[in-house]
Every structure is written in structure tokens, then in C-alpha cells.
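Coordinate analysis (summary)
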Amino acid sequence: MYTTVRQARPASFGLGPGPRVSTTAMQVLRVPSMDGVVLQVQDRGVYYPPSKASSSESAQSDIQVVTMLLVHANGFHGRVWDPVVECLYASARTRGRGVRVLTFDLRAHGGSTVPDSTSSDALKNNLRWDKFADDVFAVVRRVKHTKLNVNLHVVGHSLGAHAAIRAEARVPGTFRSIYAFEPIFMVDAKKDLPSGGEFVFSPDLRKAASKRKERFESKAKALQVFKSKPPMNAFHDKALESYVEFGFVVDTEDTNESKNENEKRASSVCLAMSRKNEALVFSNGGEERTVDFLLRSDDGKQRSLVSCPTTVVRGSTEAAHDKTYVPYPSAIAPVVASVIGTNARLETHSEWNHFGPLCDPKGFVESVWEHVGRNEGDDSRALHKATRARL
């Protein structure tokens, strides 16, 4: 069962005039997933080219609408995509394209619920990385219940890219294509990485997350702090503002006795995703199988379970602190692309770090549209069909 709340569609974020859309409001949906989780999904509506935006419903239906599902990284939520969504609509306008965009909060993130957990072991199990693929499937089912002729492309970032690839591997044909920005997988460092991984920089993200400051006097104070230090000080303003606005909740454990209840509700806030849960997700990632699980043996040959066209995208190959090191997400991208095989394309953007989508939404969107353009023609469909036939 799905529930719906309507919100005003966000204004343009200094990225060009706001495009005309066929819906006047964003729908916020509550969609059930596995393990008792209820996901918060943001259906951003459909953009039609200006000539069709005011046309009849039948005229609009003649346009092939590209549907894009955006899946965020660990510790974030669906609303951090706000400036990317705005750029997608603006770019669709220049291309004369119709586009529908959906985002959502993965389990335990943002407005989505934490999975049912009767113990720490149960919680750990329900935050394993394969569980995030369950969330992707829940949203896909919701999308395909609509009347639109769905041509579904998924765009994932880090954990979100992992979840998207894993969903496609589990059920080939789930997506028309995948755009995966620095998908995180475990690899065999000695076998797969140059010099056995000696010059790969991989910080302890579990430890860093567990030490995060999770309570602030107010959202304004949190925003001020994040703007003052890396990596968030490099985020696009709207991405950071949305991260704070929709990633914090009222702090019900505020112990400041000088405040009355009204003052606490008006000020003190804490992260919607606790640092404990964020750290647990990072920890679970380190216990994953190596990326080879995306392969299956067929007549003595190994074939990829990922059947749709996939662009694996990475940022800079130089670590910020020492250019002799390669950041882990960038170092493993060629390995992931190699495992996916002939359906994969590797793309490098040296101007981005691991937070490229949140720092450069306009450049990121141009790359996404180029990917979509490569993977929606007849030749691409034939490749997709032939690949699925082999599986």
C-alpha cells in the first residue's frame, strides 16, 4: 500500500529558468520495502518540452518519456539530488526531451524508516548491502505501477550505484541502462589492483562516521559548520542546504534542562541517520564478497549477470592529500567495468572527486544525458535483448 503527500515543486536553484512541467507538485510517497522498512520516495514529476507542456494529455503521451531513478550514497538521502534534478529538467528543455525523475531515501536514511531489528545482530543483517538492492526493487515496482510507458534508467552514486548494479544482476532487465558513479565493491587487491593495492588510498570510513558530530543547536548551525570544512564545503549550495534541511530531525534526546519542550522542538536537531547506523553500513561494506559475485559460470565460461548497458564513471585518480596515491573508489572502477564486461563503458572525470554529483551537478547531468543518448537507440536495444537471451 502506498501513501502520497504533495509538496510544492522546488524553484530553480540559479541553474537557469525553471522549466514548465506537467505536474505542479512533487509527490512524496511512502513505499514499503523488505524487513518492515517504509521508504520515502520523491516523485519529482514529468517534464515535457515547452511545445507539449500545455498540450492535451493525448499529445503529451506521444512523447517518449525517459524515466530516471537516482540512488544516493551512504549517509545522504534523496533530496541531496535537488540541484541535479533541476539540471536534468533544464537540460531536457534544451534537448526537447520528456523526462520523469524519481529519488528516494534508502533504508535508515532521511525520511525512510530503520528496518525492524530485535537485536544488534538483526540490525546488522538488515543493513547489509544486498538489502539496499531490495529498496531499489521496491521503488522500481512502484514506478512500473504507473501509467507512463517506463523507459527506466538508473543513476547511482557510491552505495547507490552498488545497489543499482546489484539489483540488475539479481533480475537482468530491471533497467534500460545504469549510470554508476564510483560504485563501491570489494576487490582482491593483490590480484586486481596495480602494485597489489600498495598505492591505493582507502580511509577508515567506519571510524570516521562513528565520530561524526550528530547533534547541533539548529539546522542553521549545522549548515554553518558543514560549509566551513571539507568535503562538504565544496558541495553545490543547494545540495548542502537540502542535505541539512531533510537530513536532520528534532533531537528528542536533548538533555539541556534550561530549555522547555517548545524551545527544544524549535532548535535542537540530530542526524536522521544516526552515526552508529552510518558506520554499520560502512562496516558491512567491508565484509562484502568481492565483485566477482556479479559473474556466473555458463558452459565453463564466466558471464556477467549485469545485462544492460552500464557506464562506470570515476573521478580523479589522484588522492587529494598525496598524488602518488589513487582513491579506492577510482582505483576499483576499471575492475568493476571489467567484471560487467562488454556491456560496460569506463569514463573518467579527473575534475571530480568522490562527491562529483553533489559538487558539479551541471557537469554531472551532461555526462548522464550523454550516457542516456548512447543507450536508447535501436542498436542499444538489440544489444540489450541479445545479452538477456544469453542469461
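The shown structure was predicted, so the numbers you read here are calculated from the model rather than taken from an experiment. For every chain, the first residue of the written sequence is number 1, and numbering continues from 1 along that sequence. Restriction of local features to residues with pLDDT of at least 70 applies here, the model being predicted, together with a cutoff of 80 or more for giving and counting side-chain atom pairs; totals for whole chains, interfaces and linings are based on all residues. To get the side-chain values, take all heavy atoms of the structure and skip hydrogens and water.

1. Observations regarding the confidence of the model for the protein chain
A residue's pLDDT is simply how confident the predictor is in it, with values from 0 to 100. Here the protein chain averages 86 in pLDDT, and 82% of its residues register 70 or above. Note on contacts: a residue pair is in contact if any heavy atoms of the two residues lie within 4.5 Å. Contacts from residues 8–24, a stretch scored under 50 in pLDDT, to residues over four places away or in other chains number 44 contacts. Low pLDDT, under 50, characterises residues 378–391; the stretch is placed with 26 contacts to residues that sit more than four places away or in other chains.

2. A few points about the packing of helix α9 (residues 219–227) against helix α10 (residues 237–247)
Running from N to C, α9 and α10 point in directions that differ by 140°, and their axes come no closer than 10 Å. For the element pair α9 / α10, the angle class is oblique. Read as a crossing pair, α9 and α10 show a hand that is right-handed. Every residue of α10 that contacts α9 at Lys219, Ala222, Leu223, Phe226 and Lys227 is listed here: Leu240, Glu241, Tyr243, Val244 and Glu245. Of the residues assigned to the contact of α9 with α10, the class counts are six nonpolar, no polar and four charged. To define axes, lines are fitted to C-alpha atoms, for helices over the stretch in contact only, and angles between the resulting N-to-C directions are given on a 0 to 180 degree scale. Segments assigned H or I by DSSP are reported as helices when at least four residues long, segments assigned E as strands when at least two residues long, and all are numbered from the N terminus. Should an angle lie under 35 degrees it is considered roughly parallel, over 145 roughly antiparallel, and from 65 to 115 roughly perpendicular; all remaining angles are considered oblique. Rotating anticlockwise by less than a right angle from the far helix to the near helix defines a left-handed crossing, while the corresponding clockwise rotation defines a right-handed one. Under the grouping applied here, Gly and all other residues not named as nonpolar or charged are polar, the nonpolar ones being Ala, Val, Leu, Ile, Met, Phe, Trp, Tyr, Cys and Pro and the charged ones Asp, Glu, Lys and Arg.

3. With respect to the nonpolar core
Of all hydrophobic cores here, the largest spans 58 residues; its most connected members are Leu69, Phe104, Val136, Ile165 and Phe175. Once you skip the residues sitting within four places of it in the chain, Leu69 turns out to touch Leu102, Phe104, Val136, Val139, Val140, Leu152, His153, Val154, Val155 and Phe175. Throughout, nonpolar core names a set of buried Ala, Val, Leu, Ile, Met, Phe, Trp, Tyr and Cys residues whose side chains join them through atoms within 4.5 Å. A 1.4 Å probe rolled over the protein chains alone gives each residue an accessible area, and that area as a share of the maximum for its type sets the label: buried under 20%, exposed over 50%, partly exposed in between. With 23 residues, the next largest nonpolar core counts Val84, Ala92, Val313 and Val372 among its residues.

4. Digging into helix α13 (residues 328–340)
End to end, α13 covers 18 Å across 13 residues, agreeing with the expected 18 Å (1.5 Å per residue, within 8%). In this analysis the local bend is the angle between axes fitted, respectively, to the seven residues ending at and the seven residues starting at the residue. Most pronounced at Pro334, the bend in α13 amounts to some 25°. Taken as a whole, α13 has its buried residues at Tyr328, Pro329, Ser330, Ala331, Ile332, Ala333, Val335, Val336, Ala337, Val339 and Ile340. Positive backbone phi, approximately 85°, marks Gly341, located one or two places after α13. Helix span, expected: 1.5 Å multiplied by one less than the number of residues in the helix.

5. Brief notes about the pairing of strand β2 (residues 25–32)
Only strands joined by at least two bridges in the DSSP assignment are considered to pair. Pairing geometry for β2 and strand β3 (residues 38–47), over six bridges, is antiparallel. Directly across from Val28, in β3, lies its bridge partner Gln42. Here β2 folds back onto β3, and the loop between the two strands holds five residues, one of which, Asp35, carries a positive phi near 65°.

6. Quick notes on the pattern of salt bridges
One side-chain nitrogen of Lys or Arg within 4 Å of one carboxyl oxygen of Asp or Glu is enough to make a salt bridge. On inspection of all chains with the given rule, the structure shows 21 salt bridges. The salt bridge partner of Arg100 is Asp43, with a shortest N-O separation of 2.6 Å. Here the residue Arg100 occupies a position in strand β5 (residues 98–105), and Asp43 occupies one in strand β3, the gap between them amounting to 57 residues. In this structure Asp43 comes out as buried when scored by relative accessible area, which is 7%. Taking the shortest distance from any N to any O, the salt bridge between Glu214 and Arg215 comes out at 3.5 Å. Look at Arg215 and you get partly exposed, because its relative accessible area is 30%. Several salt bridges converge on common partners, so that one network encompasses Asp35, Arg107, Lys131 and Asp135.

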